[in-house]
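# A structural walkthrough
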Amino acid sequence: MGVKKALTIAGSDCGGGAGIQADIKTFQELEVYGMSAITAITAQNTLGVQGVYPMSLEAIEEQLNSIGADLTPEALKTGMLFNSEIITLVARKINEFGWGRVVVDPVMIAKGGATLLQQEAVEALRTHLLPLAYVVTPNVPEAEVLAEMKIESLDDYKEAAERIRALGPTYVVMKGGHATYQGDTIIDYVYDGSEFVAFESKRVESIQTHGSGCTFAAALTAELAKGNSVNVAMRRVKQFIQSAIENELNIGSGHGPTNHFAHRLVHVK
Ligand SMILES: Nc1ncnc2c1ncn2[C@@H]1O[C@H](COP(=O)(O)OP(=O)(O)OP(=O)(O)O)[C@@H](O)[C@H]1O
Ligand SMILES: Cc1ncc(CO)c(N)n1
């Protein structure tokens, strides 16, 4: 059986904790061959985002053409796409190459508040990209935007998942990192249109969660590239992200990155 290939279409985080860098590290740790198409370069560190430089549409298209001509990914994820032109282009190329197992991480705002998706681009995400998604992985604020409603309870959560699934994805993974009503427990829900499967974990009291969303979606993409079902993949993903948050790296003086190699310690234990 040959090695599986995963592609990330996302922004670069020069600080190494989120974006393309988090994705490639995660693919590597999960023993999947990682590839990238860079949509934007960001200047950022654990203190915040200092600059955002979108790539030209031509540069993005050429990267995707090179991959499409030679290196078909078994699964791919999208992260920071920044504007509606980039979203439309990425959706067109995914269609053109017939790529499946698409994980859409609907990245909108960085932890420090910087805009990673322009307001006007939300509609493009809803209408062009979500119909192509096998899985979409919103956190609570992103789910509120996509579903156009406030989420304050479990019922709201389920209603939002229903509305998001109506936009086209086969699976909606509602991440619970931001859900304040769950107390010490974090619950991520997988919704397939008929049932909600809950994945529970213990909340770690830590500010070193920079890139947790990217790492989570990249781990899911890697496991899907191996041919796993979403629910089987999620068990591995939750272990991976839990150990990455529990085993702090203590890098930088702000919101430090998660520890992408921590799962190796868990295996040794
Ligand atoms: N403090 C924490 N302790 C344990 N697990 C966490 C914690 N914060 C997030 N997670 C887990 O990390 C994953 C990502 O969740 P989260 O909701 O934080 O994503 P996100 O907000 O998209 O991240 P980002 O801010 O990087 O975009 C989920 O599986 C979530 O359960
Ligand atoms: C490039 C990039 N993508 C995603 C995020 C969200 O964590 C970030 N901070 N930077």
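Refer to the structure above for everything that follows.
To keep things clear, this report deals only with the structure shown in the data block. (Residues numbered from 1 in each chain as written. Chains lettered and ligands numbered in written order. Predicted model: local features only at pLDDT ≥ 70, side-chain atom pairs only at ≥ 80, totals over all residues. Heavy atoms only, no water.)

Attention now moves to the overall build of the chain. In terms of regular secondary structure, the chain is built from nine helices and nine strands. The C-alpha radius of gyration of the chain comes to 17 Å, within 12% of the 18 Å expected for a compact globule of 269 residues. Along the three orthogonal principal directions, the C-alpha set of the chain runs to about 45 × 45 × 40 Å. Per-residue burial over the chain gives 53% buried out of 269 residues. For the chain, restricting intrachain contacts to residue pairs at least 6 apart in sequence, the fraction spanning at least 24 positions comes to 67%. Of the roughly 11600 Å² of accessible surface on the chain, 51% is carried by carbon and sulfur atoms. The averaged location of the 31 negative side-chain charges in the chain is 5 Å from the averaged location of its 22 positive side-chain charges. (Helix = DSSP H or I, 4+ residues; strand = E, 2+ residues; numbered from the N terminus. Rg over C-alpha atoms; globule rule 2.2 N^0.38 Å. Buried < 20%, exposed > 50% of the residue type's maximum accessible area, 1.4 Å probe, protein only. Contact = heavy atoms within 4.5 Å. Areas by Shrake-Rupley, 256 points an atom, 1.4 Å probe, with all protein chains shown as cover. Lys, Arg positive; Asp, Glu negative; His and termini not counted. Charge placed at Lys NZ, Arg CZ, Asp CG, Glu CD.)

Looking now at the sheet that holds strand β3 (residues 48-54). Strand order in the open sheet formed by nine strands is β3-β2-β1-β4-β5-β6-β7-β8-β9, and the pairing between neighbours is mixed. The sheet is open, and its two borders are formed by β3 and β9 (196-202), each paired with just one other strand. Bridge analysis of strand β5 (residues 102-104) against strand β6 (residues 135-136) gives two bridges, and the strand direction is parallel. Bridge assignment links Val 104 to a residue of β6, and that residue is Val 136. Helix α1 (residues 19-29) contacts β1 (5-13), β2 (33-45) and β4 (75-78) of the sheet and is inclined by roughly 150 degrees relative to β1. (Pairing = 2+ DSSP bridges. Axes fitted to C-alpha atoms, helices over the stretch in contact; angles between N-to-C directions.)

The phi dihedral of Glu 31 is positive, around 60 degrees, even though this residue is not glycine. Its place among the elements puts Glu 31 in the loop between α1 and β2. Residue Glu 31 is classed as exposed on the basis of its relative accessible area, which comes to 68%. Residue Arg 101 is not a glycine yet carries a positive backbone phi of 50 degrees. Position of Arg 101 relative to the elements: it lies in the loop between α3 (84-97) and β5.

This paragraph deals with the pairing of β2. Sheet topology places β1 next to β2; nine bridges connect them, and they run parallel. By the bridge assignment, Asp 13 is partnered in β2 with Thr 42. For the crossover that starts at β1, traverses α1 and ends in the parallel β2, the hand is right-handed. Joining the antiparallel neighbours β2 and β3 is a turn of two residues. (Right-handed = clockwise from strand over helix to strand, strands pointing away.)

Packing of α1 against helix α7 (residues 212-225) leaves a shortest axis separation of 8 Å and a crossing angle of 40 degrees. Of the possible angle classes, the one that applies to α1 and α7 is oblique. As α1 packs across α7, the resulting crossing turns out to be right-handed. Residue-level contacts link Gly 19, Ala 22, Asp 23, Thr 26 and Phe 27 of α1 to Cys 214, Thr 215, Ala 218, Ala 219, Thr 221 and Ala 222 of α7. (Parallel < 35°, antiparallel > 145°, perpendicular 65-115°, else oblique. Left-handed = near helix turned anticlockwise from the far one by under 90°.)

Using the criterion set out here, one finds one cavity of 30 Å³ or more in the structure. Considering only enclosed or pocket space, the largest cavity measures out at about 30 Å³ in volume. If you trace the largest cavity, you find it lined by Gly 79, Leu 81, Asp 105, Pro 106, Val 107, Leu 117 and Leu 125. Per-class residue counts for the lining of the largest cavity are five nonpolar, one polar and one charged. (1 Å grid on protein atoms, 1.4 Å probe; cavity = no way out; pocket = protein on both sides within 12 Å on 5 of 7 lines; lining within 4 Å. Points joined across faces, edges and corners; volume = space filled by probe spheres on them. Nonpolar A, V, L, I, M, F, W, Y, C, P; charged D, E, K, R; others polar.)

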